[in-house]
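An overview of the molecular structure
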Amino acid sequence: PCGNFGHADKECICTPHQVRKYRAKLSEPLLDRIDLHLEVPALKISELTDEDKKGEPSSAIRKRVIKARNIQKSRLSEFNIYCNGQMGAKEIKKFCNPDKKSKDLLTNAIKKLNLSARAYDKILKISRTIADLDNKENIEPLHIAEAIQYRNLDRLY
């Protein structure tokens, strides 16, 4: 409620109860329908003005995204859909078939984090997209782990 929760320089003065109550304004069923849950911390002034910025340039990211979208479009064209986010149960079963190690990781996360069946499907679709961005044909444990992180933000508080 104070607006400083998770801020690098400003201290949050809210009690854990106040934070939970504030976050509860978005219901679990609503949050469950959102694919990616990300916390985006405020940038420090030095990060805004630093001309020697490190990281991948936008042009390289754009090329990777276009390549991944083309992979998805090609893979899904027979189903008359163009991206992983549009996949239904049939397509998920066909194209999001993780190996045993990945499936075990996902199963454990679903149990421990008490995630829904909807979250299970969303994690698989997100994992498929991460694998596409990584130019990998198969979903690997690393892709599952990253997708789980994107679904688990709301459970950290």
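Residues numbered from 1 in each chain as written. Predicted model: local features only at pLDDT ≥ 70, side-chain atom pairs only at ≥ 80, totals over all residues. Heavy atoms only, no water.

1. Focus: the overall build of the chain
- Scanning the chain for helices and strands turns up 8 helices and 0 strands.
- Secondary structure elements of the chain, listed N to C terminal, follow the sequence α-α-α-α-α-α-α-α.
- Evaluated residue by residue, the chain yields a buried proportion of 29% over its 157 residues.
- Counting contacts in the chain only where the partners sit at least 6 residues apart, residues at least 24 apart contribute 58% of the total.
- In the chain, 31 side chains carry a positive charge and 22 a negative one; their mean positions are 5 Å apart. (Helix = DSSP H or I, 4+ residues; strand = E, 2+ residues; numbered from the N terminus. Buried < 20%, exposed > 50% of the residue type's maximum accessible area, 1.4 Å probe, protein only. Contact = heavy atoms within 4.5 Å. Lys, Arg positive; Asp, Glu negative; His and termini not counted. Charge placed at Lys NZ, Arg CZ, Asp CG, Glu CD.)

2. Thoughts on the pattern of salt bridges
- In the structure shown here, the tally under the stated rule is 7 salt bridges.
- Arg-118 serves as the salt-bridge partner of Asp-32, at 3.5 Å between the closest nitrogen and oxygen. Of the two residues, Asp-32 sits in helix 2 (residues 28-32) while Arg-118 sits in helix 7 (residues 117-133), which places them 86 residues apart along the sequence.
- On the basis of relative accessibility, which here comes to 10%, the residue Asp-32 falls in the buried class.
- Between Glu-78 and Lys-94 there is a salt bridge, with the nearest N and O atoms lying 4.0 Å from each other. Of this pair, Glu-78 sits in the loop between helix 4 (58-76) and helix 5 (89-95) while Lys-94 sits in helix 5; the two residues are 16 residues apart in sequence, bridging distant segments of the chain.
- Through salt bridges with shared partners, a single ionic network connects Arg-75, Arg-128 and Asp-132. (Salt bridge = Lys/Arg side-chain N within 4 Å of Asp/Glu carboxyl O.)

3. What to know about the packing of aromatic side chains
- All told, the structure shown has 1 aromatic pair when counted by the stated rule.
- A centroid spacing of 5.7 Å and a plane angle of 85° characterise the contact between Phe-79 and Phe-95, whose relative ring orientation is edge-to-face. Note that Phe-79 is positioned in the loop between helix 4 and helix 5 and Phe-95 in helix 5, a separation of 16 residues in sequence.
- When its relative accessible area of 16% is taken as the criterion, Phe-95 is described as buried. (Phe/Tyr/Trp six-rings, centres within 6.5 Å; stacked < 30°, edge-to-face > 60°.)

4. So, a nonpolar patch on the surface
- The grouping of Leu-26, Leu-30 and Ile-34 at the surface amounts to a nonpolar patch, some 250 Å² of accessible area in total.
- Within the element layout of this structure, Ile-34 appears in the loop between helix 2 and helix 3 (45-49).
- Using a relative accessible area of 37% as the deciding quantity, one classes Ile-34 as partly exposed. (Patch = residues over 30% accessible without salt bridge, like charges linked within 9 Å, V, L, I, M, F, W, Y side chains within 5 Å. Areas by Shrake-Rupley, 256 points an atom, 1.4 Å probe, with all protein chains shown as cover.)

5. Things to note about the environment of Asn-4
- Along the chain, the position of Asn-4 falls in the segment before helix 1 (16-23).
- The buried category is assigned to Asn-4, whose relative accessible area is 18%.
- In this structure, the C-alpha to C-alpha distance between Asn-4 and Ala-42, residues 38 residues apart in sequence, is 9.8 Å.
- Setting aside residues no more than four positions away along its own chain, Asn-4 makes contact with Lys-10, Glu-11 and Cys-12.

6. Structural notes on unusual backbone geometry
- Of note, Asn-114 is a non-glycine position whose phi angle comes to about 55°, a positive value.
- Looking at where Asn-114 falls in the secondary structure, it is placed in the loop between helix 6 (100-113) and helix 7.
- Owing to a relative accessible area of 64%, Asn-114 belongs among the exposed residues under this scheme.
- A positive phi angle, close to 60°, is found at Asn-135, a residue other than glycine.
- Note that Asn-135 resides in the loop between helix 7 and helix 8 (141-152).

7. Concerning the side chain of Ser-102
- Its place among the elements puts Ser-102 in helix 6.
- A residue is classified by how much of its surface remains accessible, and Ser-102, at 0% relative accessible area, is buried.
- Other than its neighbours up to four places away in sequence, Ser-102 contacts Ile-139, Glu-140, Pro-141 and Ile-144.

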